[in-house]
Amino acid sequence: MTYFTTIDFVLFALLLVASMAIGLYYALSGGRQRTTQEFLLADRSMKCLPLSLSLMATFQSAVAIVGTPAEVYTNGTQYWFIGCSYILGLLIPAHIFIPVFYRLNLTSAYQYLELRFCKTVRICGTVTFIFQMCIFFMLVCFAISPVVTGFHLWGAVLATGLVCTVYTALGGLKAVIWTDVFQTVVMFTGQMAVIIVGVHQVGGFSDFWRKVTDGGRISGIDLNPDPTVRHTFWTLAVGGVFLMLSLYGVNQAQVQRYLSSRTEKEAIMSCYMAFPCLQIALGLSCLMGLVMFACYGDINLVDQQYIKSKDQMVLYFVMDMLQDFPGLPGLFVACLFSASLSTISSAFNSLATVTMEDLIKPNYPSITDSRATLLSKILAFSYGLVCLAMAYIVHLMNSSVLQAALSIFGMLGGPLLGLFCLGIFFPWANSSGAVTGLIAGLVMAFWVGIGGFVAQMSSSVTVCPHNCTDTVATKNLTMATVTAIMTPVTNKPSKPVAHHGLYSLSYMWYSAFNSSVVVLIGLFVSLITGPMKERDVTTGTVYPLMDKIHSLLQILVKPKACMGSSPEHRVILRTSQSLNVIKLSYTSRNQTSYLEQETSV
């Protein structure tokens, strides 16, 4: 085992000091975080560039940096196609969710649920989110826990957790966003340094490319429509859209960043600018996996007992192959901890926000702004201490329990997405339907997720071919359920047993499946109990989807000038929202005649 040198420890320490300094700067400058507007929303003064980097860094965690390379090393580059889901996964939030949330002048995303439905729905959504984010923190701590660098486990976890807790509690959202920017630069620098040196170590780019192609790690497009296959183009590019929406559409950590922008246009632009950032992050992580394969080939580091688990693969590679480059291991570990700092600080800040705005203020409406700000800081600090205690519990868990925790995190994103979609797109959905739909979605998510976990634990895992299921992590925390939702395969592939069919569903479809359950059950119950009347729907809480489709169809079917003796004659095409009918309106000075004909658009 290779340990850190003095230079490596110095680089790591500089990362923590710089992050703390940013937090202290924003705690002592400007308004000094004296109002909830400044502490929770950065005074709504953020520009799109830092916001876009922060949006990327929030869920580009240590799980991605240690997990994605291990995925590519084991199964090839099929996972790279998840980048296709980023297109709709960011366009839909930019043009649907952001306008709705921003125009309502919210602080917490769950305020929307009370405006659209009722207080009960808001509390249900808030509690679900708090549970989700606590698991989120445990996952990040677990991702940085492998001890292959000479770090004492609890020294590393405590240092990271305490630094995050302090600069989040003191500097507010503005400190969180700007430390995200700094940590993103460190992340990219560390990954690029490892890739460049790794390619040099294997003999240059041509040798690197030959080894990964000969080793079968460059995957083609797998168009298999089977939803039980773990990674195909459809599961990644289509199922991944719902995963992205659960993160970048309705997750409080991201919504809070949108709401902190100076204008709605800046918030939308931050979504657009996050796209290339996410693509770069995904590309660097995949390239790291290919570089690792070029160096080690098909050697199974776990079987050779070089490492205890695949979670340690990336750090082992850094310490083993780059030990002759003083400072580079320290730079990469700083990169790893930067990813952790950005995600953990986002968790603390968003948890403090929803607790204050959704649980405390509604019950104590007379609380002063200064007292609310102080309480928000105390909440951020308290959540930091609680999550550190939970990380210690994770340390005591065995791997199967941890895998169950990974699965639980992923189960919660889909139902929350479905709850927001039910309110935004379906004006007749009522409160009874929303609560029933959310409960049904959570029950279905836990049933399928835990059932699949138990089913696969009772099976025997043997040899695992490329694009199979024996891997450890993925692009982000919601996607990290892969370690729990793996479908075991054998040397002789076979169809899943009938009663295991639903349990064999690819984890990439979980958000789509669970959110669909919420919407369908919610609509069914709403129709039975009495649809919400249009006059009872709060203005601005429903996205005019039918009107937008109508406008789009009008653009696609553009009116053309009618050939006639008078220039005033014209043909107006109107597309009905509910029927495929085109009305031809012939207008002149003296008369208007209407002609209807049935057609298909």
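Residues numbered from 1 in each chain as written. Predicted model: local features only at pLDDT ≥ 70, side-chain atom pairs only at ≥ 80, totals over all residues. Heavy atoms only, no water.

The name that an unreviewed UniProt entry assigns to the chain is Sodium-dependent multivitamin transporter, with the source organism given as Astyanax mexicanus. Comment text from UniProt for the chain, heading Subunit (unreviewed entry), reads "Interacts with PDZD11." The record held by UniProt for the chain lists under Subcellular location (unreviewed entry) the comment "Apical cell membrane". (UniProt positions renumbered as here; feature names shortened; annotations may be inferred.)

Side note on the pattern of salt bridges
Throughout the structure, instances matching the rule amount to eight salt bridges. Across the pair E264 and R103 runs a salt bridge whose closest N-O atoms are separated by 2.9 Å. Of this pair, E264 sits in helix α13 (residues 264–296) while R103 sits in helix α5 (residues 85–103); the two residues are 161 residues apart in sequence, bridging distant segments of the chain. Assessed through its relative accessible area of 17%, E264 is described here as buried. Residue R103 is classed as exposed on the basis of its relative accessible area, which comes to 64%. Between R122 and E114 there is a salt bridge, with the nearest N and O atoms lying 2.4 Å from each other. Looking at R122, the relative accessible area reads 7%, which means it is buried. What makes E114 partly exposed here is its relative accessible area of 29%. The network of salt bridges with shared partners includes E114, R122 and D358. (Salt bridge = Lys/Arg side-chain N within 4 Å of Asp/Glu carboxyl O. Helix = DSSP H or I, 4+ residues; strand = E, 2+ residues; numbered from the N terminus. Buried < 20%, exposed > 50% of the residue type's maximum accessible area, 1.4 Å probe, protein only.)

With respect to the packing of α5 against helix α12 (residues 252–259)
Between two packed helices, what matters for the description is the angle formed by their axes and the separation of those axes. Two elements in contact, α5 and α12, have axes separated by 10 Å at closest approach and are oriented at 75°. Taken together, the axis directions place α5 and α12 in an arrangement best described as roughly perpendicular. Touching P93, I98, F101 and Y102 of α5 are V255, Y258 and L259, all from α12. Among the residues making up the contact of α5 with α12, the classes are represented as seven nonpolar, no polar and no charged. (Axes fitted to C-alpha atoms, helices over the stretch in contact; angles between N-to-C directions. Parallel < 35°, antiparallel > 145°, perpendicular 65-115°, else oblique. Contact = heavy atoms within 4.5 Å. Nonpolar A, V, L, I, M, F, W, Y, C, P; charged D, E, K, R; others polar.)

A short note on the packing of α12 against helix α15 (residues 328–360)
Viewed as axis vectors pointing N to C, α12 and α15 meet at an angle of 80°, and their least axial separation amounts to 9 Å. As summarised for this structure, α12 and α15 are arranged roughly perpendicular, according to the angle between their axes. In this structure, α12 uses Q252, A253, Q256 and R257 to contact α15, whose residues at the interface are S346, N349, S350, T353 and V354. Looking at side-chain class alone, the contact of α12 with α15 contains two nonpolar, six polar and one charged residues.

A short note on unusual backbone geometry
Here the phi dihedral of D43 falls at roughly 60°; this positive angle occurs in a residue that is not glycine. By the secondary structure assignment, D43 is in the loop between α2 (36–41) and α3 (48–59). You will see that R44, though not glycine, has its phi angle at about 50°, which is positive. Locating R44 in the fold gives a position in the loop between α2 and α3.

Concerning the packing of aromatic side chains
Taken as a whole and assessed by the stated rule, the structure comprises 17 aromatic pairs. Aromatic pair F101 and Y112: ring centres 5.8 Å apart, planes at 75°, arrangement edge-to-face. In this pair, F101 is assigned in helix α5 and Y112 in helix α6 (residues 111–116), connecting sequence segments 11 residues apart. Under the relative-accessibility criterion, F101 is labelled buried at 1%. Overall, the relative accessible area of 0% leaves Y112 in the buried class. For the ring pair F233 and W234, a centre distance of 5.2 Å and an interplane angle of 80° mean the geometry is edge-to-face. (Phe/Tyr/Trp six-rings, centres within 6.5 Å; stacked < 30°, edge-to-face > 60°.)

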